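A look at the structure
Here is what each chain is made of, one letter per residue.
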Amino acid sequence: MSRELAGKAAIVTGASRGIGAATARELARRGASVLLTARSRGDIDAVATEIAGLGGKAEAMVCDVADFGQVQAAATHALAAFGRLDVLVNNAGAIEPIAALAEAEVAAWGASIDVNLKGVFHGLRAALPVMIGAGSGVVVNVSSGAATGPMEGWSAYCAGKAGALMLTRAAHKEAGPKGVRVIGLSPGTVATQMQRTIKASGVNPVSALAWEDHISPEDAAAAVAWLCTPDAAEFDGTDVSLRAPEIRARAGLAPA
């Protein structure tokens, strides 16, 4: 395994399972020290222990991305534990509520925005001052085709991801000239618990997909790790689609 991230330090949000856990493992395999965060402790502790058992360096910390104070504390902890912060992967996300706009529960709709949009802002707000001060760093915002393609029943998720795409673009404008790369990854549908929730809803065509139609979390993680390298710099400020065969090839992945 390439060690192009050796000596780097990363935070991965939503790292208890799915894309987040796979990304933490992949970054560690490539030499990075990783702080795994999630709203509950057990699973991130287990993944951090697994990484350490394989010779990597990882710590786990409870962090709700909807709370800026907790995100700021995670950035502070990463600096204390690793002495630096080179990578932030804004992965934490929530698909629910899946509901028609005319029927959506108002508090649940707002809570989705707190995670999918404000959570990305909180990560950027906590990490960018550190990275700008160092004159380098990479932020990868895990995006979705829902950022540009509306889906029935997903108004909160689509709106949050659309806003996060604009944050990627705005952060690139502001931080790019100061040495910090900001980029999004739209992985397509991934075989995670989110897809099980979507399947159970029976709403819109995505719920009709078979499990084997989804890519693996490990494919998405490999793409995130590639985006953290200078080879992907030409895509800064955009959402990169993992559905594109040329992107999969650049990330070292077999055709889907």
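Going by the structure above, here's the rest.
Reading the values: rules and limits
- Residues numbered from 1 in each chain as written.
- Predicted model: local features only at pLDDT ≥ 70, side-chain atom pairs only at ≥ 80, totals over all residues.
- Heavy atoms only, no water.
- Helix = DSSP H or I, 4+ residues; strand = E, 2+ residues; numbered from the N terminus.
- Contact = heavy atoms within 4.5 Å.
- Polar contact = N/O pair within 3.5 Å; in protein donor to acceptor, adjacent residues only side chain to side chain.
- Axes fitted to C-alpha atoms, helices over the stretch in contact; angles between N-to-C directions.
- Parallel < 35°, antiparallel > 145°, perpendicular 65-115°, else oblique.
- Left-handed = near helix turned anticlockwise from the far one by under 90°.
- Nonpolar A, V, L, I, M, F, W, Y, C, P; charged D, E, K, R; others polar.
- Salt bridge = Lys/Arg side-chain N within 4 Å of Asp/Glu carboxyl O.
- Buried < 20%, exposed > 50% of the residue type's maximum accessible area, 1.4 Å probe, protein only.

Quick word on the environment of N116
- Within the element layout of this structure, N116 appears in helix α4 (residues 106-134).
- Taking C-alpha positions, N116 is 7.0 Å from Y157, a pair spaced 41 residues apart along the chain.
- Setting aside chain neighbours within four positions, we find N116 in contact with A92, G93, A94, Y157, G160 and A164.
- Polar side-chain contacts of N116 include one of 2.8 Å to the backbone oxygen of A94.

Regarding the packing of helix α1 (residues 18-29) against helix α2 (residues 42-53)
- Where α1 meets α2, the axes come as close as 10 Å, and the angle between the chain directions of the two elements is 20 degrees. As the angle between them shows, α1 and α2 are arranged roughly parallel. Remark: the crossing between α1 and α2 carries right-handed chirality. In this structure, α1 contributes A21, A24, R25 and A28 to the contact, and α2 contributes V47, E50 and I51.
- Looking at side-chain class alone, the contact of α1 with α2 contains five nonpolar, no polar and two charged residues.

Section: the pattern of salt bridges
- Evaluated as defined, the whole model comprises eleven salt bridges.
- For D86, the salt bridge is made with R84, and the minimal N-O distance between the two is 2.7 Å.
- Judged by its relative accessible area of 6%, D86 falls in the buried class.
- Classification of R84 as partly exposed rests on a relative accessible area of 36%.

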